[in-house]
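Survey of secondary and tertiary structure
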Amino acid sequence: MTRAKFLAVSTFLTLAVVWSSGAAAQKAEALPTIEKVTVNSPVTLTDNGDSWTMDNGIVKMTVLKRNGNLSSMVYHGTEILTRGEYWEQVPTGTITATVTIDPATNGGERAEVSVKGVNPGDPNNPSPLGGPPSTQPGPGAPNVAAGPRPGGRPSGPRGGGMDIETRYTMERGTSGFYTYAEYTHKAAYPPAGEGESRFILESMNRTFDWLSVDKDRNQLMTSDADLRTGVVIHAKEQRILTSGIYANSVEHKYSYNAVMYKLTAWGWSSTKDNIGVYFINPSNEYIGGGAEKLDLIDHMSGTLLDYWTSGHYAGGAGNHIPTGEDWKHVVGPIFVYLNALDNPKNATQPDLDKFAASYGSGMPTVPQVWHDNQLALWNDAVEKSKSVKAAWPYEWVSGVDYPHKDGRATVTGQVVLNDPQAASKKFPHLTIGLAHPDYQGNGSAYEQRAGNGRTVTWAHDGNYYQFWADGAEDGKFSIANVRPGTYTLHAFADGVLGEYAKTDITVEAGKSVNFGKLDWQPVRYGKQIWEIGYPDRTGDKFFKGDGANYWLWGWPLRYGDLFPNDITYTIGKSDYHKDWFFEEVPHALNDDWKNPAAKDPLNQRFGWVNNPTGTQDMWRDWGRGKATTWTVKFNMPKTSKGAAVLRLALAGADGGGGLAIGVNGKAVGSIRPVATNALRYNTNKGVWYQYAQKFDATLLKPGENSVTFTVPAGDLTSGVVWDYLRLELNDGSKAFPASPESGRVE
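Throughout what follows, the structure given in this document is the object of discussion. (Residues numbered from 1 in each chain as written. Predicted model: local features only at pLDDT ≥ 70, side-chain atom pairs only at ≥ 80, totals over all residues. Heavy atoms only, no water.)

With that settled, the discussion passes to the overall build of the protein. Broken down by element type, the protein carries eight helices and 46 strands. For a compact globule of 746 residues, the expected C-alpha radius of gyration is about 27 Å, and the protein comes in at 27 Å, within 12% of that figure. Overall, the protein is about 85 × 65 × 50 Å in size when its C-alpha atoms are taken along their principal axes. Within the protein, contacts between residues separated by at least 24 positions form 75% of all contacts whose residues are at least 6 apart in sequence. Taken together, the 71 basic and 79 acidic charged side chains of the protein have centroids lying 5 Å from each other. (Helix = DSSP H or I, 4+ residues; strand = E, 2+ residues; numbered from the N terminus. Rg over C-alpha atoms; globule rule 2.2 N^0.38 Å. Contact = heavy atoms within 4.5 Å. Lys, Arg positive; Asp, Glu negative; His and termini not counted. Charge placed at Lys NZ, Arg CZ, Asp CG, Glu CD.)

Counting 199 residues, the largest nonpolar core has Tyr168, Leu201, Ile479, Trp580, Phe581, Phe709 and Trp722 as its most contacted members. With sequence-adjacent residues up to four places away left out, Phe581 is seen in contact with Phe542, Phe543, Lys544, Trp555, Tyr559, Leu562, Phe563, Ile567, Trp630 and Trp722. (Core = buried A, V, L, I, M, F, W, Y, C linked by side-chain atoms within 4.5 Å. Buried < 20%, exposed > 50% of the residue type's maximum accessible area, 1.4 Å probe, protein only.)

A word on the packing of aromatic side chains. Per the stated rule, a full pass over the model turns up 46 aromatic pairs. Between the aromatic rings of Tyr569 and Trp580, the centroid separation amounts to 5.6 Å while the plane-to-plane angle is 90°, which identifies the pairing as edge-to-face. With a gap of eleven residues between them, Tyr569 in strand β34 (residues 568-570) and Trp580 in the loop between α7 (576-579) and β35 (583-584) connect regions that are remote in the sequence. For Tyr569, a relative accessible area of 4% gives the class buried. Judged by relative accessible area, which is 0%, Trp580 ranks as buried. Cation over ring: Arg483 sits above Tyr465, and NZ or CZ is 3.8 Å from the ring centre. The cationic tip of Lys541 hangs over the ring face of Tyr534; the distance from NZ or CZ to the ring centre is 5.0 Å. (Phe/Tyr/Trp six-rings, centres within 6.5 Å; stacked < 30°, edge-to-face > 60°. Lys NZ or Arg CZ within 6 Å of the ring centre and 35° of its normal.)

Once that is clear, we can look at the pairing of strand β15 (residues 235-240). In the sheet, strand β14 (residues 231-233) pairs with β15 via three bridges, with the strands oriented antiparallel. Along β15, the bridge assignment pairs Val232 with Arg239. Taking the residues between adjacent antiparallel strands as the criterion, β14 and β15 are bridged by one residue, where His234 takes a positive phi near 75°. Here three bridges tie β15 to strand β16 (residues 250-252), and the two strands are oriented antiparallel to one another. The residue bridging Ile240 from the neighbouring strand is Val250, located in β16. (Pairing = 2+ DSSP bridges.)

Note the cis peptide between Gly332 and Pro333, where omega equals 5°. Mapped onto the fold, Pro333 is located in strand β23 (residues 327-340). Cis geometry marks the peptide bond from Trp392 to Pro393, where omega comes out at -5°. With respect to the helices, strands and loops of the structure, Pro393 is situated in the loop between α4 (368-390) and β24 (409-417). Residues other than glycine seldom take positive phi values, yet His429 does so here, at roughly 55°.

Right, let's get into the sheet that holds strand β21 (residues 298-299). The strand order across the open sheet formed by four strands is β6-β11-β22-β21, and the pairing between neighbours is antiparallel. Each of the sheet's edge strands pairs with one partner strand only, and the pair in question is β6 (86-87) and β21. As defined by bridge partners, β21 adjoins strand β22 (residues 303-309) across two bridges and the pair is classed as antiparallel. The residue bridging Asp298 from the neighbouring strand is Leu304, located in β22.

We now examine the sheet that holds β14. Read across the sheet, three strands follow the order β14-β15-β16 without closing on themselves; strand pairing throughout is antiparallel. Looking at strand neighbours, the two that pair on one side only are β14 and β16, the edges of this open sheet. Ignoring which end each strand starts from, the neighbouring axes of this sheet average 45° apart. (Axes fitted to C-alpha atoms, helices over the stretch in contact; angles between N-to-C directions.)

Before going further, it helps to spend a moment on helix α6 (residues 555-562). For α6, the tally of buried residues reaches eight of eight residues, placing the bulk of the element in the interior. If you check which residues of α6 are buried, you get Trp555, Pro556, Leu557, Arg558, Tyr559, Gly560, Asp561 and Leu562.

What follows is about the pairing of strand β30 (residues 485-492). The element β30 is extensively covered by neighbouring structure, given that six of its eight residues are classed as buried. Note: strand β25 (residues 431-435) against β30, five bridges, orientation antiparallel. Paired with Thr431 across the bridge in β30 is Phe492. Across six bridges, β30 lies against strand β31 (residues 500-507) in antiparallel orientation. Within β31, the position partnered with Gly485 by the bridge is Val507.

Attention now goes to the environment of Asp566. Mapped onto the fold, Asp566 is located in the loop between α6 and β34. In sequence terms Asp566 and Thr629 are 63 residues apart; their C-alpha atoms lie 6.7 Å from each other. With sequence-adjacent residues up to four places away left out, Asp566 is seen in contact with Tyr559, His587, Thr628, Thr629 and Trp630. Here Tyr559 takes part through its side chain, which lies 2.6 Å from a polar atom of the side chain of Asp566. Separated by 3.0 Å, the side chains of Asp566 and His587 make a polar contact. (Polar contact = N/O pair within 3.5 Å; in protein donor to acceptor, adjacent residues only side chain to side chain.)

Mapped onto the secondary structure, Ser197 falls in strand β11 (residues 197-201). Relative accessible area serves as the criterion here: at 0%, Ser197 is assigned to the buried category. Polar contacts involving the side chain of Ser197 include one to the side chain of Trp308, which spans 2.8 Å. Those residues in contact with Ser197 that sit more than four places away from it in its chain are Glu88, Gln89, Tyr183, Asp306, Tyr307, Trp308 and Thr309.

What follows covers the environment of Gly662. If you trace the backbone, Gly662 turns up in strand β40 (residues 659-663). Spatially, the C-alpha atoms of Gly662 and Phe695 are 9.6 Å apart, while their sequence positions differ by 33 residues. With residues near it in sequence (within four places) discarded, Gly662 still touches Ala667, Val668, Ser706, Val707 and Thr708.

The values are spatial; any link to function lies outside them.
This is the structure we're talking about:
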């Protein structure tokens, strides 16, 4: 089958699958309406001895005094939780349970409870920081084996060294609640920190069967029973489903990740009860990794996550606070929103019959009305996020390190592009932020993964607050609600290679800062000869890197059939949207992974994977490939001299094989990208890095030339996720800086 036919079939299938965002595009008035909140009862707070019950007539929940976990949450008469839900690290040590806002004192307008654990730890046996996410424990527990965490996760020995306070807040007439936590490390405490830390609602009521991340990942999910009977492939989180609506598909929790800075609302809803529960971050100031932080947010079995530190995708590393440093960090308040439909649509019997007939095919014909119902719930949560975010910072928060509006400042200015070679002076999708200056960490395993040695940069910082905002195309920006402190200003935008930085910025409480115009002169090492794509820190502009596709498991398997002869890209003729794949990976050695019943195994979303014969991990047979070489062809008008530089921006990388580069058949070097798990864990971006490969320009000749990029043979999830490529030529002009040494560009 030709690639043109592949594209045509893919388009047809995308339109045909009724739950897909493209097929479900509806006018807002065609969707069901949301039930209006009419209850305005006073909030009540009941002391049960070992717990509190908070109730505003809309939501009713119970908080345990011993650890600050939720044991019950009832909405619309439905118990949402099937077991206790929690913050990843709970208060331990000396526990104090307190009512911090008593509704009896404010006419029932608001209630808040707090559980605080003071745990100085043992300076002779501190928390074992620096391990990988699977082994590094969090702080706060006593220096003994702490037993299983809530939800059954085992925890290892912990040395304390961190005080933790968690709070829950409920207000009158609000369909939801707030929760937040303060982490405190005193100078006398031993080193401590969080490797992986989050607020979690997990394994919710089984009727919650619809997941909502964004417009492309809004879908009915497989059942727990089908998931449990699936066969593991490649990693314990990945299973080939052998039954259910998505049979012959791979379910993978890492398919449901997102850039935290860009999130509005995410969660789950019930096609049976037509109710939804969603997380909303009113601010991103407390989330490690800043505007680049990619993390898990929704996944299988009704799990809802809000990470503030983790090592996923080599970004937003866990924080590590040394002895001698007084440190506090407030995470949240996070808003948990619940909603319901006023007039849900009901599936007709023919709709249900059609769905039943498709069951087990892997390509379910989900009733359109189910999609409409759940999309209406999610749309409402997205709309709610606007008012929740606009109200930040909250005046009712007190007793923790949380400045109110008058204790913060606004930073404004305008970035001006100074690049004679730029096609435009505009800044599409300008992102600008204030972060703690780079600092020296403890050299932990988390930090080493970032490729910076002991230096911690903003994209890997989990210790300090960051403040990011979207700027305008003309470069104007306003960053509101900045805490007092010393910062570095960073900026990046689509179409501009690199990053702007301005150091030594002091922000004082209540004092606005206006920088006026800031000159941004991106580095050019010579005249631009050609480019492929444009820099935007993702692989979204390349084939299958778009939002409808990149997150689906298995593109490294399918690449070899989509491009059986690998890629030859001709500058001026080829189209990077369809002629450049977003991942360069080894070329699969066999096609045994294809489901023979699939109509289009190379393009369809689900149902394309062959069932395994038995219970073995089929990756041993399917998961290796031969070396892949991509070729870029271009013409030069004359003999060249001086230095040529290939500028390569990678949205992700995995494996240690690197990327070998050749010019007109001669090897000129290779780069060793920082691993970000972008290939292993289904994404079109991780933390972004740029690289340079310098070579003698005399290797270029008049007429046709070629540059090759080779990923060596190996595991199919090794290789790179492309963002942008550019060739520059400096024939000796002093207008350009000296060419960099080949390798990573800081």
